[in-house]
Amino acid sequence: MKTDVFALRHIGPRESDIPQMLKTVGVDSLDQLIYETIPDDIRLKSELDLPEALSENEFLTHIHKLADRNKVFKSYIGLGYHESFTPSVIKRNILENPGWYTAYTPYQAEIAQGRLEALLNFQTMVCDLTGMELANASLLDESTAAAEAMTMLYDVRSRDQKKNKVNKFFVSEEILPQTLSLLQTRATPLDIELVVGNHEEFGFGDDFYGAILQYPGKYGQVHDYCGFISKAKESDIKIAMAADILSLAALTSPGELGADVVVGTTQRFGIPLGYGGPHAAYFATKEAYKRNIPGRIIGLTKDTNGNPALRMALQTREQHIKRDKATSNICTAQVLLAVMAGMYAVYHGPKGIEYIAGKVHSSATTLADALEKLGYYQANTAYFDTITLKADAAKIKPIAEKQEINFLYIDENTVSVALNEATSVADINAIIAVFAEAAGKDAISITELKELKAIPAGMERRTPYLENEVFNSYHSETELMRYIKKLERKDLALNHSMISLGSCTMKLNAASEMLPLSWAQWGNIHPFVPLDQAEGYQEVLKNLEHQLNVITGFAGTSLQPNSGAQGEFAGLMVIRAYHQSRGDLERNICLIPASAHGTNPASAVMAGMKVVVTKTDENGNIDVEDVREKAVQYKDNLAALMVTYPSTHGVFESSIREITRIIHENGGQVYMDGANMNAQVGLTNPATIGADVCHLNLHKTFAIPHGGGGPGVGPICVAEHLVPFLPSNPVVGTGGENAISAISAAPWGSSLACLISYGYISMLGADGLLDSTIFAILNANYIKNRLDGHFDVLYTGERGRAAHEMIVDCRPFKKNGIEVIDIAKRLMDYGFHAPTVSFPVGGTIMIEPTESESLQELDRFCDAMISIRKEIDAATAEDPNNVLKNAPHTLAMLTADSWEFPYSREKAAYPLDYIADNKFWPTVRRADDAYGDRNLICTCAPIEAYAEA
Ligand SMILES: *Cc1c(COP(=O)(O)O)cnc(C)c1O
């Protein structure tokens with residue numbers, strides 16, 4: 001038997017386990033199981049047409065060869081992307097550490113205090129540098145963050161502004177081009193009118209509700225916005241600023257200037273360029289907008305014992321609760337990258353950040369000085385890191401490229417140069433040499449940076465930042481390494497045990513898939529380099545698009561969206577553009593089943609659609625008659641149906657083809673939410689069920705690690721007739737002939753993370769992908785049958801099978817005083833992360849084991865669940881002092897001198913034998929959400945401040 005087959009490493013159950021598993025499930029063969037699970041009329045007739053699977057070593061050789069085709073030039077292009085150094089201690093201990101990258105979004109706070117603290121550091125860093133009161137724990141990129149600012153400010157318009165339909169938003173022409181494109185994408189469907197212009201000539205009419213400024217401007221000019229902002233305030237125009245995070249160490253903070261929202265990227269805080277991403281964007285605002293801020297905020301609260309505990313605050317703002325009333329669809333964000341950027345600030349501290357900012361600034365002024373001596377005119381009167389020169393671009397470019405240098409060529413006679421942390425004196429001399437050669441002069445050589453300033457005194461930073469202890473304690477590598485480890489130990493990730501989160505597909509993120517992310521040839525490529533410098537990337541992205549086309553049965557793919565929710569928005573915008581291209585201007589109704597994920601209605605509203613909810617029947621299936629009725633009722637205005645398949649109830653509905661036909665007959669398009677694609681790959685596909693477009697969550701089905709809540713990659717795949725509308729990028733030509741404007745800042749979204757999915761598909765090949773799907777279904781049905789008699793599974797297909805996940809009903813236990821949350825917390829004592837809680841049905845858990853879990857792990861989980869079931873039986877509503885209500889149990893409880901619970905310590909912490917071998921200790925007792933929301937603290941306040949509250 002060949003053993004160097006990647007599928008054998010990726011898929012958990014061994015060949016020898018299969019008979020026993022099939023027996024438990026009650027079928028004779030895997031074929032029979034699949035026959036009983038998937039409707040016949042949607043089964044694929046042939047296997048996926050993909051190249052033969054590569055072994056792990058073959059893949060690494062292959063990806064090495066492709067890496068060699070990327071040319072790592074020195075890029076001084078700027079436009080929001082700058083080379084920076086990832087401190088090795090952060091690279092090795094976070095980026096390359098499954099303890100960090102395989103964690104889930106910290107919904108289960110008691111086993112997530114480590115990353116919650118790291119994210120609180122991130123928020124504190126952002127608040128300090130921007131001078132704002134409140135920051136979230138990341139958005140997808142600077143441009144989407146700017147769009148979120150535009151829509152949030154639209155949402156919080158004054159009553160008069162709303163009454164008078166004030167809808168104009170001023171955009172400074174200094175904004176980054178990709179941000180302008182994204183603002184256009186997001187403004188159009190919402191009736192927001194963008195007015196682009198020069199901020200010095202702006203008239204401040206009362207028909208404007210907001211404005212956005214770039215700080216420093218796109219080509220480096222630092223404007224004094226004081227006058228603009230105070231005039232805007234007089235007209236009740238709210239101000240958003242897109243600010244370069246490093247420049248804020250040298251410039252007056254936006255908060256002091258009077259900004260209402262500040263957004264930007266934290267890429268240059270130690271995150272690789274990665275040909276566009278992933279990087280964490282930040283969003284900071286005033287306390288007054290705490291209920292409107294998009295994304296996740298980490299806040300402090302207390303646990304059962306009154307000790308400090310962190311958790312995600314103000315969840316009621318989120319789309320999963322507000323649905324079509326939500327104003328943002330952000331779900332997956334950029335948590336791992338936010339953790340890294342926050343750690344960069346922890347490692348460097350205020351002095352380090354000041355030094356780096358100072359060095360970058362001196363590099364720019366020293367370069368400007370030298371180029372002026374060569375006779376060049378430098379146009380920026382005040383700047384931080386970017387200078388703009390009058391120069392013959394056509395002359396400069398070939399010389400620069402010969403020296404492996406990229407500048408930004410603004411027009412024939414203008415070249416800009418953005419310097420960064422990685423720019424050395426030798427690099428500056430190389431730049432000078434290029435300009436000298438172009439001018440036909442001898443180069444001037446510098447030996448050290450000069451102490452020249454190009455920031456007027458009035459605009460210099462005067463206020464301190466990063467004063468908190470955490471930013472002043474871990475400046476040696478030993479200390480930071482131990483701090484990172486200390487936090488990591490508090491968190492349960494996939495390197496400890498199964499995380500069976502329904503809908504989230506927490507599968508193996510294989511080391512071979514992850515390794516290339518550490519290589520400079522992938523990391524150090526600016527997204528706007530000429531295509532011939534990124535041939536390796538272009539090959540990977542093209543191949544991945546092709547693989548995804550084959551898997552979905554569609555004709556075209558855009559890798560641009562940075563999350564599933566952004567994919568939904570992108571797909572709906574493509575549908576909108578398609579309808580409009582046919583003169584169907586009135587199609588704006590979007591049918592969405594009641595069981596849909598909260599991002600679906602939120603995305604539909606963002607795309608300017610009206611949500612009409614369709615019913616589900618008592619078996620959890622879409623009510624076909626209700627769909628038919630509504631499709632016919634709205635046939636003149638029907639834009640789309642959004643459908644998740646298999647459904648969020650974990651079932652392959654046999655009526656799916658009929659449903660998609662009904663939509664088409666009434667003029668609508670079918671959007672398939674592909675979050676459950678792990679149950680389809682190789683067995684069926686979105687094209688076959690009759691969809692026109694779908695998104696895929698590459699961070700679920702295609703092995704990109706969850707990162708504690710991101711990064712995500714949410715490509716959309718579309719049928720032939722929608723290909724022309726795939727999204728574009730204003731700097732690099734991408735997308736179809738009638739492309740919609742940008743969905744993400746970078747042309748191919750988070751290119752670096754795409755390497756992972758490319759590796760996953762290439763190493764599994766058609767057979768391995770098919771087996772992964774089959775084993776995902778086997779593992780789920782194995783759990784379902786093992787739990788049979790102990791728990792009720794809510795929904796199954798016509799032949800009694802679950803798909804790749806199942807919903808377990810916990811509502812009946814209320815009579816014993818036990819809520820679903822008690823079960824979730826008790827699982828921690830057994831060493832497990834809870835499954836998905838109360839989605840899509842309140843009071844239930846949704847279990848999805850994935851194919852990567854072994855039989856032994858599935859059994860441990862089932863043993864835990866069955867043991868918990870016995871504990872439930874023993875509990876009573878009258879006496880809540882029981883092992884479930886008190887869960888999770890911490891080491892501090894177990895080792896306290898007194899033990900006042902009516903059960904033993906052993907029962908509390910070691911209820912089953914297997915636990916002793918691999919005990920995981922939650923570090924806090926149950927976190928109090930309500931208390932934390934009432935007393936919101938979202939930065940690293942000193943503990944004393946917390947005690948006073
Ligand atoms: C995860 C998920 C989404 C949202 O995807 P993100 O990548 O988190 O934005 C949408 N729908 C379903 C069913 C999901 O499970």
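What counts and what doesn't
Counting from 1, residues in each chain are numbered in the order their sequence is written. Owing to the predicted nature of the model, reporting of local features is limited to residues with pLDDT of at least 70; listing and counting of side-chain atom pairs is limited to 80 or more, with chain, interface and lining totals taken over all residues. Just so you know, side-chain values use all the structure's heavy atoms and leave hydrogens and water out. Working definition: residue near molecule or strand if any one of its non-hydrogen atoms lies within 4 Å of it. Definition of a polar contact: a pair of N or O atoms within 3.5 Å, with one able to donate and the other able to accept a hydrogen when the atoms are protein atoms, and with sequence-neighbouring residues admitted only if both atoms are side-chain atoms. The way it works is that DSSP assigns letters per residue, a run of H or I at least four long becomes a helix, a run of E at least two long becomes a strand, and they are numbered from the N terminus. Residues are sorted three ways: Asp, Glu, Lys and Arg are charged, Ala, Val, Leu, Ile, Met, Phe, Trp, Tyr, Cys and Pro are nonpolar, and all the rest, Gly among them, are polar. By definition, two strands form a pair when at least two bridges between them are found by DSSP. Here, the term right-handed applies to a crossover whose path from the first strand over the helix to the second runs clockwise when the strands point away from the viewer. An axis is simply a line fitted to the C-alpha atoms; with a helix, the fit covers only the stretch in contact. Between two such axes, the angle follows the N-to-C directions and lies from 0 to 180 degrees. Oblique is the label for any angle not under 35 degrees, not over 145, and not in the 65 to 115 range, which are roughly parallel, roughly antiparallel and roughly perpendicular in turn. Should the near helix be turned counterclockwise from the far one by less than a right angle, the crossing is left-handed, whereas a clockwise turn marks it as right-handed. When checking whether two residues touch, look at their non-hydrogen atoms; a contact exists if any pair is within 4.5 Å. Residue ranges labeled as domains rest on an automatic or database domain assignment. Summed over both partners, the accessible area lost on bringing two parts together, with a 1.4 Å probe, is the buried area. Definition used for salt bridges: Asp or Glu carboxyl oxygen within 4 Å of a side-chain nitrogen of Lys or Arg. UniProt positions are given in the numbering used here, feature names are shortened, and annotations may be inferred rather than shown by experiment. In this description, a nonpolar core means a group of buried Ala, Val, Leu, Ile, Met, Phe, Trp, Tyr and Cys residues linked to one another through side-chain atoms lying within 4.5 Å. The classification of residues rests on relative accessible area computed with a 1.4 Å probe and restricted to protein chains. Under 20% of the type maximum is buried, over 50% is exposed, and intermediate values are partly exposed. Residues form patches when they are more than 30% accessible in relative terms and have no salt bridge. Like charges link within 9 Å. Nonpolar side chains (Val, Leu, Ile, Met, Phe, Trp, Tyr) link within 5 Å. Computed with a 1.4 Å probe, the accessible areas rest on the Shrake-Rupley method; for each residue, only the protein chains presented here act as cover. In this tally, Asp and Glu contribute negative charge and Lys and Arg positive charge; neither His nor the terminal groups of the chain are included. Where a charge lies is defined by one atom per residue type, namely NZ (Lys), CZ (Arg), CG (Asp) and CD (Glu). The arc in question is the one spanned by the directions pointing from the helix axis to the C-beta atoms.

Student: Quick question: what am I supposed to make of the site of the ligand here?
Tutor: Around the ligand lies a shell of 14 residues, among which Thr-332, Ser-503, Asp-673, His-699 and Lys-700 are the nearest. Interatomic distance of 3.1 Å between a side-chain N/O atom of Asn-697 and an oxygen atom of the ligand. Top contributing element to the shell around the ligand by residue count: helix H21 (residues 564-581), with three residues. Broken down by class, the residue content of the shell around the ligand amounts to three nonpolar, eight polar and three charged.

Student: Whenever I open this one, the pairing of strand E18 (residues 610-614) confuses me. Can you help?
Tutor: Strand residues, when the strand is regular, have side chains that alternate between the two faces of the sheet. Relative to E18, strand E17 (residues 589-593) runs parallel, the two sharing five bridges. If you follow Cys-590 over to E18, its bridge partner there is Val-611. Crossover connection from E17 via helix H22 (residues 599-606) to parallel E18: handedness right-handed.

Student: Would you take a moment to explain the packing of helix H27 (residues 820-829) against helix H28 (residues 855-874) for this structure?
Tutor: Packed helices, taken two at a time, are described by the angle between their axes plus the distance between the axes. Their axes nearest at 10 Å, the elements H27 and H28 cross at an angle of 125°. By the criterion of interaxial angle, the relationship of H27 to H28 is oblique. Crossing of H27 against H28: the hand is right-handed. On the side of H27, the interface is formed by Ile-823, Arg-826 and Leu-827, while H28 contributes Phe-861, Ala-864, Met-865, Ile-868, Glu-871 and Ile-872.

Student: Even after reading the chapter, I still don't get the domain arrangement of the chain, so can you show me in this structure?
Tutor: It is common to give the size of an interface as the accessible area lost on bringing the parts into contact. Here the chain is partitioned into domain 1 (71-501 + 923-948), domain 2 (559-749) and domain 3 (768-922). Across the boundary between the two partners, domain 1 contributes 43 residues, which contact 40 residues of domain 2. Here domain 1 and domain 2 share an interface that buries about 3,200 Å² over both sides, 60% of which is from carbon and sulfur atoms. The interface formed by domain 1 and domain 2 includes zero salt bridges. On inspection of domain 1 and its partner domain 2, the count reaches 14 residue pairs in polar contact (both at pLDDT 80 or more). Elements represented by at least two residues in the side of domain 1 that touches domain 2 include exactly helix H6 (98-101), helix H8 (142-155), helix H10 (177-187), helix H13 (319-322) and helix H14 (335-373).

Student: What is the right way to look at the UniProt feature "domain: Glycine dehydrogenase C-terminal" (unreviewed entry) in the chain in this model?
Tutor: Within this structure's numbering, the places UniProt gives as "domain: Glycine dehydrogenase C-terminal" (unreviewed entry) are residues 773-889. For residues 773-889, the helix share is 38%, the strand share is 10%, and the end-to-end C-alpha distance is 36 Å.

Student: It is not clear to me how the nonpolar core should be interpreted in this structure. Could you clarify?
Tutor: Side chains that are nonpolar tend, in soluble globular proteins, to be buried together. Counting 224 residues, the largest nonpolar core has Ile-63, Met-343, Leu-480 and Trp-522 as the members making the most contacts within it. Here this core takes 20 residues from helix H26 (residues 751-787), the largest share from any one element. Those residues in contact with Ile-63 that lie beyond four places of it in its chain are Pro-516, Trp-519, Trp-522, Val-540, Leu-755 and Tyr-758. Core analysis: the next-biggest nonpolar cluster, separate from the first, contains 36 residues, Leu-134, Leu-140, Leu-153 and Ile-293 among them.

Student: Just checking my understanding: could you explain a negative patch on the surface for this structure?
Tutor: On the surface, a cluster of negative charge is contributed by Asp-4, Glu-47, Asp-49, Glu-52, Glu-58, Asp-767 and Asp-771. With respect to the secondary-structure elements, Asp-767 resides in helix H26.

Student: Honestly, the packing of H14 against helix H17 (residues 477-489) in this entry has me stumped. Any pointers?
Tutor: It is at 10 Å that the axes of H14 and H17 come closest, and there the two elements cross at 145°. For the crossing formed where H14 meets H17, the hand is right-handed. Contact residues: Met-343, Val-346 and Tyr-347 in H14; Glu-477, Leu-480, Tyr-483, Ile-484 and Leu-487 in H17.

Student: Looking at this structure, I do not really get helix H23 (residues 624-633). What am I missing?
Tutor: Along an α-helix, residues three or four positions apart point the same way, because every turn accommodates 3.6 residues. All buried positions along H23 are accounted for by Val-624, Asp-626, Val-627, Lys-630 and Ala-631. Around the axis of H23, the buried residues are gathered within 160° of arc, so they sit on the same side. Exposed side of H23, more than 90 degrees from the buried face: Glu-629 and Gln-633 are the residues found there. At its buried positions, H23 is contacted by E17, E18, strand E19 (638-644) and helix H24 (656-665). The N-cap residue of H23 is Asp-623: its side-chain oxygen and the backbone nitrogen of Glu-625 are 3.1 Å apart.

Student: Would you explain the sheet that holds strand E8 (residues 281-285) in this entry?
Tutor: The strands that make up a sheet are held in pairs by hydrogen bonds between backbone atoms, and each pair lies either parallel or antiparallel. The strand order across the open sheet built from seven strands is E2-E8-E7-E6-E5-E3-E4, with neighbouring strands paired in mixed fashion. Looking at strand neighbours, the two that pair on one side only are strand E2 (134-135) and strand E4 (193-197), the edges of this open sheet. Relative to E8, E2 runs antiparallel, the two being bridged by two bridges. By the bridge assignment for E8, Ala-135 is matched with Ala-284. Of the strands in this sheet, E2, strand E7 (261-265) and E8 are in contact with helix H7 (residues 113-130), which crosses E8 at around 60°. Of the strands in this sheet, strand E3 (168-172), strand E5 (208-215) and strand E6 (238-243) touch helix H11 (residues 226-234), which is tilted by about 150° from E6.

Student: Which parts of the structure should I look at to understand the side chain of Asn-678?
Tutor: Here Asn-678 shows up in the loop between strand E20 (669-674) and helix H25 (686-689). With relative accessibility at 2%, the residue Asn-678 sits in the buried group. At 3.0 Å, the side chain of Asn-678 forms a polar contact with the side chain of Glu-851.

Student: I tried to follow unusual backbone geometry on my own but got confused; where do I start?
Tutor: When glycine is set aside, most residues are seen to have a negative phi, and most peptide bonds are trans. In this chain, Tyr-215 is followed by Pro-216 through a cis amide linkage whose omega measures -10°. Residue position: Pro-216 is located in the loop between E5 and H11. Here the amide bond leading from Phe-839 into Pro-840 is cis, since omega sits at 0°, within 30 degrees of zero. Note that Pro-840 resides in the loop between strand E25 (836-837) and strand E26 (844-847). Notably, Tyr-275 is not glycine yet its phi reads approximately 55°, a positive angle. Tracing the backbone shows Tyr-275 in the loop between E7 and E8.

Student: In this structure, what is going on with the pairing of strand E21 (residues 693-696)? I would like to understand it.
Tutor: The alternating pattern of E21 places Val-693 and His-695 on one face and Cys-694 and Leu-696 on the opposite face, and all of these are buried. Relative to E21, E20 runs parallel, the two sharing four bridges. From the neighbouring strand, Met-672 faces E21, where its bridge partner is Cys-694. Strand direction decides the pairing type here: E21 and strand E22 (residues 716-718), joined by three bridges, are antiparallel. Across the sheet, Val-693 pairs through a bridge with Val-718, a residue of E22.

Student: Before we go on, may I ask you to explain the pattern of salt bridges in this structure?
Tutor: For side chains of opposite charge, pairing can occur when their charged atoms come near one another. Following the criterion strictly, the structure yields 41 salt bridges and no others. In this structure, Glu-819 and Lys-814 form a salt bridge, with 3.1 Å as the shortest nitrogen-oxygen distance. Between Glu-871 and Lys-907 there is a salt bridge; the shortest N-O distance is 3.6 Å. Of the two residues, Glu-871 sits in helix H28 while Lys-907 sits in helix H30 (residues 905-909), which places them 36 residues apart along the sequence. Look at Lys-907 and you get partly exposed, because its relative accessible area is 37%. Linked by salt bridges that have partners in common, Arg-826, Asp-829, Glu-871 and Lys-907 make up one network.

Student: Even after reading the chapter, I still don't get the environment of Thr-179, so can you show me in this structure?
Tutor: Looking at the element boundaries, Thr-179 is found in helix H10. With near-sequence residues (within four places) excluded, Thr-179 lies in contact with Ser-143 and Ala-146.

Student: I would appreciate a short explanation of a nonpolar patch on the surface in the present structure.
Tutor: On the surface, a cluster of nonpolar side chains totalling about 310 Å² of accessible area is made up of Met-1, Val-5 and Leu-8. Secondary-structure assignment places Val-5 in the segment before helix H1 (6-10).

Student: Quick question: what am I supposed to make of the UniProt feature "modified residue: N6-(pyridoxal phosphate)lysine" (unreviewed entry) in the chain here?
Tutor: With numbering matched to this structure, UniProt assigns "modified residue: N6-(pyridoxal phosphate)lysine" (unreviewed entry) to Lys-700. Along the polypeptide, Lys-700 turns up in the loop between E21 and E22. Its relative accessible area of 10% is what places Lys-700 among the buried residues. Dropping the residues within four chain positions of it, Lys-700 is found in contact with Ser-503, Cys-504, Thr-505, Lys-507 and Ala-675.

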